Amino acid sequence: MTTENREHEEPGSVLLRGIFKLGKISHDVLLTSTSVSWTPITPDNPTGIVNVATKLQVTMPVTMAAISPDNPTGEQGSERGSHRVWLRDVFAVKVKRRRAAGQQTGGAVLGLCLFCSHRTGNTLQEVRTHLLNTSLSLCHTWVTQLTQLLTVLPRPKQLKVFINPGSHKKQSVLIYREHIAPLFRMAAIHTDITITERKGHILTVVKECSLTQYDGVVCVGGDGTVAELAHALVLRAQLDSQRDPDCDLNPVQATLPLGIIPAGSTDIISCSVHGVRHPITAALHIILGHLQQVDMCSFSSLGRLLTFGFSAMFGFGGRSLALAERNRWMPPSQRRDYALAKTVASLRPEECHLSFLPVNQKHKSGKRRSKEQDTATGLSWETKPGVYLSISIMAIPSLSPHAPRGLAPNTRLTNGSAELITVGNASRSEFIRHLKRYSCPDEQSSLSFVETRSVTAVKLRPYGLVGCPGKGEKEEATSGDRSEGSFPWNIDGELVEMAHEVVVRFSVFRVHSRLISLYGEEVEKVDSPVMSCSCI
């Protein structure tokens, strides 16, 4: 909901009213079905009644508040002294007690504590509002009523959690236990945790376990782990609907939403739905039930479904990942820079037969440019054979600190299409110039050898295998970045080596629109400081 809509939202009828202290000042506090509001009680206004159409005020660290010369304390509110917190931003309420050191239960009642989510840009933080009153019966009444109001909100109560222990320098388990688990407990969310042991472990568990008791699934890991879980959820939906798992036409939408706690080296998928690499932000989106439907694509070869995913890169992106995978003994950032630098040093194009279905083809009339016919839709493929340094197909903008506007800035999470980015044959210096453009937060100037198109399907056939016998072996001898007779693909950060035609199908005619729901909200740009590759 936008700020403008929040300002005009009706507060609802008053359910409870009481006097609480905020700091040292007594306030008249009102509870409605949608908000808690308060205003100070003064001799000139003993009832504390004011116009309640005001903004949020919570007690928070000064570093998190909006401080300015007109607002030196960081307080928020359109009217001086009158404030409101919307229940949609509250995820827990507890009785505040005074306890001695080591005391776990009991203690003198001090009042209430509201646990809220506060937004700064794309970042969400936990903040606490303390409403002080020593009456046990009053506090119990308020806690009971607030808990009832929060319980009926559409939020998850049971979650299945998968943690990749090797992510984030093997600190992902610690990140979850110290930062995420306490928030889930505070929000009364029950979790069932699985620590993954190998690649494909997630797929095995999702295919075999019962998912009916869960409201959502959470992944703690990098892009590869996220992609594996997303594929598993969509594939499980096909199996539950008794669909052919190898058929990528008309896939069934995943039944459970997916939450992503970023714990990888780039976290492109997480950045695309959160706008920031921040585990607390991701956890609060899950707790508050913020859902964003997202397009996915299917990757098929010779009529067989390979995987459901969000993005794929062929050429430079695939070869650099293949090189990085062979040097996993290096630290992640060093491994990435080394692979990029070495791949740039041995830069060479791939001769390919490229076909695609543009988004607006069904609106075109007159002469058709392609002679290839898609039997599934009756539409004609547009073809553009040529020599390419890189070919990327992305159904999401692919935001990251390295690319604040995204690798595919012209696409969105739910526009029913993907962005096809082709980089033609160019000199090494020109290609480096192209790579550097991604770290620029401003609008990028066009380059003559780079073309982007909005498409609904893409088909790629490398000539090295289907039209040029012996060429593949020659390239293998010079590059050493792929196995004999195979071409490396980077699919959501995972290396996939294929030897035949690969068909990438997206929504619209291939029905991939809004195939999965992710916890989060679509963003335009990452908030993180821009990072660039030191190797270029």
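All figures in this text were calculated on a predicted structure; none of them were measured in a lab.

**Q** Mind showing me how you'd approach the overall build of the protein chain here?
**A** Secondary structure assignment for the protein chain yields 13 helices and 25 strands. Put simply, the protein chain has 536 residues, and 52% of those count as buried. Long-range pairs, those at least 24 residues apart, make up 71% of the contacts in the protein chain with a sequence separation of at least 6. Only carbon and sulfur atoms are counted for the fraction: they give 52% of the accessible area of the protein chain, which is about 24,500 Å².

**Q** What am I meant to see in the nonpolar core here?
**A** Buried together is how nonpolar side chains tend to be arranged in soluble globular proteins. Counting residues in hydrophobic clusters, the biggest one holds 30 residues, and the most contacted among them are Leu229, Leu258 and Ile516. Residue assignment for this core shows that the elements contributing at least two residues are helix 5 (201-208), strand 10 (216-221), helix 6 (223-240), strand 11 (258-262), helix 7 (268-274), strand 14 (304-309) and strand 25 (516-519). Here Leu258 is in contact with Val217, Cys219, Val226, Leu229, Ala230, Leu233, Ile516, Ser517, Leu518 and Tyr519, once residues within four sequence places are set aside. Counting 28 residues, the second-largest nonpolar core is a separate cluster that includes Leu124, Val161, Ile286 and Leu288.

**Q** Help me out: how do you make sense of empty space enclosed by the protein in this one?
**A** Here the idea is plain: a probe the size of a water molecule rolls over the atoms and shows the empty space left. Overall, the coordinates contain three cavities of 30 Å³ or more when judged by the stated rule. Of the volumes computed, that of the largest cavity is approximately 40 Å³. Around the largest cavity sit Leu211, Leu233, Arg236, Ala237, Asp240, Ala254, Thr255 and Leu256, which together line it.

**Q** In this structure, what is going on with the environment of Ser513? I would like to understand it.
**A** Along the chain, Ser513 falls in the loop between strand 24 (502-505) and strand 25. Taking the C-alpha atoms as reference, Ser513 lies 9.9 Å from Asn250; in sequence the two are 263 residues apart.

**Q** How should I be thinking about the side chain of Arg155 in this particular structure?
**A** Mapping Arg155 onto the fold places it in the loop between helix 2 (136-151) and strand 8 (158-163). Put simply, Arg155 is tucked away with no salt bridge, and the nearest opposite charge, on Asp89, sits 6.6 Å away. From its side chain, Arg155 meets the backbone oxygen of Val90 in a polar contact 2.6 Å long.

**Q** Honestly, the pattern of salt bridges in this entry has me stumped. Any pointers?
**A** Two side chains of opposite charge can pair, provided their charged atoms sit close to one another. For the structure shown, the criterion picks out twelve salt bridges. As a salt-bridge pair, Asp192 and Lys160 come within 3.2 Å of each other at their nearest N and O atoms. Within this pair, whereas Asp192 is found in strand 9 (residues 190-195), its partner Lys160 is found in strand 8, the two being separated by 32 residues in sequence. Residue Asp192 is classed as partly exposed on the basis of its relative accessible area of 31%. Classification of Lys160 by relative accessible area gives buried; the value is 5%. Among the ionic pairs, Lys384 bridges to Glu451, the shortest N-O distance being 2.5 Å. With Lys384 in the loop between strand 18 (380-383) and strand 19 (386-394) and Glu451 in strand 21 (residues 450-462), the pair connects residues that are 67 residues apart, well separated along the chain.

About the criteria used
Residues numbered from 1 in each chain as written. Predicted model: local features only at pLDDT ≥ 70, side-chain atom pairs only at ≥ 80, totals over all residues. Heavy atoms only, no water. Helix = DSSP H or I, 4+ residues; strand = E, 2+ residues; numbered from the N terminus. Buried < 20%, exposed > 50% of the residue type's maximum accessible area, 1.4 Å probe, protein only. Contact = heavy atoms within 4.5 Å. Areas by Shrake-Rupley, 256 points an atom, 1.4 Å probe, with all protein chains shown as cover. Core = buried A, V, L, I, M, F, W, Y, C linked by side-chain atoms within 4.5 Å. 1 Å grid on protein atoms, 1.4 Å probe; cavity = no way out; pocket = protein on both sides within 12 Å on 5 of 7 lines; lining within 4 Å. Points joined across faces, edges and corners; volume = space filled by probe spheres on them. Lys, Arg positive; Asp, Glu negative; His and termini not counted. Salt bridge = Lys/Arg side-chain N within 4 Å of Asp/Glu carboxyl O. Polar contact = N/O pair within 3.5 Å; in protein donor to acceptor, adjacent residues only side chain to side chain.

That's the geometry; what it means functionally is another story.
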